[in-house]
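Listed below are the residues making up each chain.
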Amino acid sequence: MTQPGAASVPSKPAIEAVRPRYALERRIVVWTLVMVIVPTLACAVWLNFSVRRAWEQSLQQGTSLVTQTAATALSGRMNSAGQAQAQAVIENLLLDKRIAFVSITDAEHQIVHLRVVDHPAWSSYCEWRGVAEAPPMDRPLVLGEERDVAIWRAPVWDTPPTRRAVRGGVPTGELADPHLCGFVIVGLRDRHIAGMVAQLEAAELGVAGVLCVLALPIVAWAVRRWTRPLRELVAATQRLGEGQTPGVVKVRSQDELGQLAQSFNDMAGKLGVARADLVRANADLESKVLQRTAELERAKRDLEHEITEKNEFLRAVSHDLGAPLRNIGGMATMLLMKYRDTLAQDACNKLERIHANVKAQTDLINDLLEISRIRSKPGRRQEVDLHALVQELVESFAYDLDDHRIALELRGRLPVVMVERTRIRQVFQNLIDNAIKYMLDATERRIIVSSRVDGGDWRFSVTDTGRGIAETDLPQIFQLYRRATHSGSHHVAGRGVGLASVRAVVETCGGRIWVESRLGAGSTFHFTLPREKPQQAAVMNGADSGLTG
């Protein structure tokens, strides 16, 4: 395995291959440009607003000054004698190229003199007059689409404001009370300043655009340089996640990115060592597994050989012991039949005992062979309707059930399962037979057979109301030749083989068996069978069909 420190720095194509759709550097570039452009545009807008405001104030001041000057020049010249002088004042005003129009009205706002140079400016004023009766007197009015026309109205008096009053041909020290003769209205437009403002706005936009064009490559270069360690870390992390050697990420600085790269290199080195250790451990484990598998195969072959030898031994024992026992039993029976009248009674009794013992030993040998065949040679499985099978058993046990006054009840409909018919019949037969034999002197005399779904299995239960089983006897009742010696039922006939054979059948079918019992309160034997196929008979919970024997 290559050590982490020996790998080269990831190449540029490898770094580019793992770049996400929205890379970090792109977002940094965008946000940096936004942080540069937005303040620039904000400053440009503020500067433009300030320039326009200063321009409007200058325009208003100029209009106010020109209008006041014209009103002063027209004081005392509004009568018929001063018409020529009024015209001269107007002509002098029009020498200023900024003048858009000049209008002189009487006290009732009727136009006396009108000179229009800029008709759009005059139209704007006339439009405004249609909305308001007269312009304000406190400050000039600013109109126009570009707000470049300033208009103001000033009063014209019959005498100058500085003239002293005369009473009886003698001047007094008081100022004369002037009389309003009319108004002079002047509109002023400074196109030169408007052009300068437009040029300033264009210059501001141009500066912002140039700033963006210049800032974009600089910011992109700087961000790409700053984020290169991150891209190398991403590429190395991806290779590390794929189980490859990530290589060493160059540490270009001592900042947070440099510390991150150094930490990653340390982690990659430790992971490389751990991975090498894990590979060695896996190799050792695989070697041990292969060795253990070989040992298990040998043990399996030995076990199969031992089972074969055991079966051969059982067959040999059954043959070697069965034949002499059958001969002994046959000879005892023959002697009884031929010499019963001539033999003493004690001799006849001993011959009968010999015959009975031979039969008992023969039955034991047959039971051993049967249990061996159950585990070593299972029969062919088929679909068996357990409900019909148990009903057949009820009919076969009818005499015993009537004789012992026991009611056998099938609760619900038993399912159809894939089992060997003979063996499953043997299971129900042994359990029902035991329930009948160990009912003894119980007051309530009933046997219940039922079934239900238990996960992926069918669970079958055979419940009786008999004597029950002592707690000390429960662990051994399924063992061969073991009987319940503490349950007060030792006088019941039996060889201790039935439940052992039942357990062998159930376990061969892939199930399990257990018992729930309490002395004096009856017993319930449970066993399970796999649900290998969809059943053709549904379980009817709640519908009881009682069959009494």
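Residues numbered from 1 in each chain as written. Predicted model: local features only at pLDDT ≥ 70, side-chain atom pairs only at ≥ 80, totals over all residues. Heavy atoms only, no water.

Caption draft 1: Up close: the overall build of the protein chain. From N to C terminus, the protein chain includes eleven helices and 15 strands. Intrachain contacts of the protein chain at a sequence separation of at least 6 include 69% that bridge at least 24 residues. In the structure as shown, the protein chain presents an accessible area of about 32,800 Å², 57% of it carried by carbon and sulfur atoms. (Helix = DSSP H or I, 4+ residues; strand = E, 2+ residues; numbered from the N terminus. Contact = heavy atoms within 4.5 Å. Areas by Shrake-Rupley, 256 points an atom, 1.4 Å probe, with all protein chains shown as cover.)

Caption draft 2: Layout of unusual backbone geometry. Here the phi dihedral of Arg405 falls at roughly 55°; this positive angle occurs in a residue that is not glycine. Among the structural elements, Arg405 can be located in the loop between α9 (398–403) and β9 (407–411). Arg405 gets classed as exposed once you look at its relative accessible area, which sits at 63%. (Buried < 20%, exposed > 50% of the residue type's maximum accessible area, 1.4 Å probe, protein only.)

Caption draft 3: Quick look at the packing of aromatic side chains. Applying the stated criterion to the full structure yields seven aromatic pairs. Judged by centre distance (5.5 Å) and plane angle (40°), the rings of Trp122 and Tyr125 are tilted. One end of the pair, Trp122, and the other, Tyr125, are both in helix α4 (residues 119–131), three residues apart, so they sit about a helical turn from each other. No difference in accessibility class separates Trp122 from Tyr125, as the two residues are buried. (Phe/Tyr/Trp six-rings, centres within 6.5 Å; stacked < 30°, edge-to-face > 60°.)

Caption draft 4: Structural detail: a nonpolar patch on the surface. On the surface, Val30, Trp31, Val34 and Val38 cluster together into a nonpolar patch covering about 390 Å² of accessible area. Within the fold, Val30 resides in helix α2 (residues 24–74). For Val30, a relative accessible area of 47% translates into the label partly exposed. (Patch = residues over 30% accessible without salt bridge, like charges linked within 9 Å, V, L, I, M, F, W, Y side chains within 5 Å. Salt bridge = Lys/Arg side-chain N within 4 Å of Asp/Glu carboxyl O.)

Caption draft 5: How the structure looks around the packing of helix α8 (residues 386–396) against helix α10 (residues 421–437). Two numbers describe how α8 lies on α10: the axes approach to 10 Å, and their chain directions differ by 50°. In terms of axis orientation, α8 runs oblique to α10. For α8 against α10, the interelement crossing comes out right-handed. Each of Leu386, Leu389, Val390, Glu392 and Leu393 in α8 lies in contact with α10, whose residues at this interface are Arg421, Ile424, Arg425, Phe428, Gln429 and Ile432. Of the residues contributing to the contact of α8 with α10, the split by class is seven nonpolar, one polar and three charged. (Axes fitted to C-alpha atoms, helices over the stretch in contact; angles between N-to-C directions. Parallel < 35°, antiparallel > 145°, perpendicular 65-115°, else oblique. Left-handed = near helix turned anticlockwise from the far one by under 90°. Nonpolar A, V, L, I, M, F, W, Y, C, P; charged D, E, K, R; others polar.)

Caption draft 6: Molecular detail of the sheet that holds strand β3 (residues 141–143). One open sheet holds the five strands; their spatial order is β2-β1-β7-β4-β3, and the pairing between them is antiparallel. Both outer strands of the open sheet, β2 (111–116) and β3, are each paired with one neighbouring strand and no more. In this sheet, neighbouring strand axes are inclined to one another by 20° on average, regardless of whether the strands run parallel or antiparallel. Bridge analysis of strand β1 (residues 99–106) against β2 gives five bridges, and the strand direction is antiparallel. Among the inter-strand pairings, Ile104 is bridged to a residue of β2, identified as His113. (Pairing = 2+ DSSP bridges.)

Caption draft 7: Structural view of the pairing of strand β13 (residues 513–517). In terms of strand pairing, β13 meets strand β14 (residues 523–530) through five bridges, oriented antiparallel. In the sheet register, Glu516 faces β14, and the bridge partner there is Thr524. Counting the residues in the hairpin turn of β13 and β14 gives five residues, including Gly520, whose phi is positive at 90°.

Caption draft 8: Structural detail: the nonpolar core. Ranked by size, the top nonpolar core spans 41 residues in total, and within it Ile424, Phe428 and Phe527 carry the most contacts. The biggest single contributor to this core is α10, with seven residues. Setting aside anything within four residues of it in sequence, one finds Phe527 in contact with Ile424, Val427, Phe428, Leu431, Trp458, Arg459, Phe460, Val506, Arg512 and Ile513. Ile90, Ala150, Val156 and Val186 belong to the second-largest nonpolar core, a separate cluster that totals 19 residues. (Core = buried A, V, L, I, M, F, W, Y, C linked by side-chain atoms within 4.5 Å.)

Caption draft 9: Just α10, in detail. For α10, with 17 residues, the first-to-last C-alpha span of 24 Å sits near the 24 Å given by 1.5 Å per residue. Burial in α10 covers these residues: Arg423, Ile424, Gln426, Val427, Phe428, Asn430, Leu431, Ile432, Asn434, Ala435 and Ile436. (Expected span 1.5 Å × (residues − 1).)

Caption draft 10: Geometry of α8. Restricting attention to buried positions, one finds in α8 the residues Leu386, His387, Leu389, Val390, Leu393 and Val394. The buried residues of α8 occupy an angular sector of 160° when projected down its axis, which confines them to one face. Backbone nitrogen of His387 and a side-chain oxygen of the N-cap are separated by 3.2 Å at the start of α8; the cap is Asp385. (Arc of directions from axis to C-beta. Polar contact = N/O pair within 3.5 Å; in protein donor to acceptor, adjacent residues only side chain to side chain.)

Caption draft 11: Quick look at the pattern of salt bridges. In total, this model carries eleven salt bridges according to the counting rule given. A salt bridge links Arg425 to Glu392; the shortest N-O distance between them is 3.4 Å. Here Arg425 is found in helix α10, whereas its partner Glu392 is found in helix α8, with 33 residues between them in sequence. Overall, the relative accessible area of 34% leaves Glu392 in the partly exposed class. Linked by salt bridges that have partners in common, Glu392, Arg421 and Arg425 make up one network.

Caption draft 12: Representation of the packing of α10 against helix α11 (residues 498–508) in the model. Remark: α10 packs on α11, axes separated minimally by 9 Å, with the N-to-C direction vectors making an angle of 145°. Where α10 crosses over α11, the two elements pack in a sense that is left-handed. Taking contact as the criterion, the partners of Arg423, Ile424, Gln426, Val427, Asn430, Leu431 and Asn434 in α10 are, on α11, Gly498, Leu499, Ser501, Val502, Val505 and Val506. For the contact of α10 with α11, the per-class residue count stands at seven nonpolar, five polar and one charged.

Caption draft 13: Spatial organisation of the confidence of the model for the protein chain. In this model, the protein chain carries an average pLDDT of 75, and 77% of its residues clear a pLDDT of 70 or more. Of the regions scoring below 50 in pLDDT, residues 1–19 engages in 40 contacts with residues more than four places distant in sequence or in other chains. Note on residues 534–549: pLDDT under 50 across the span, and 40 contacts to partners over four residues away in sequence or across chains. (pLDDT = per-residue confidence, 0-100.)

Caption draft 14: Seen up close, the environment of Ser123. If you trace the backbone, Ser123 turns up in helix α4. Since its relative accessible area comes to 39%, Ser123 is described here as partly exposed. C-alpha of Ser123 to C-alpha of Gly144: the two residues are 21 residues apart in sequence and 9.4 Å apart in space.

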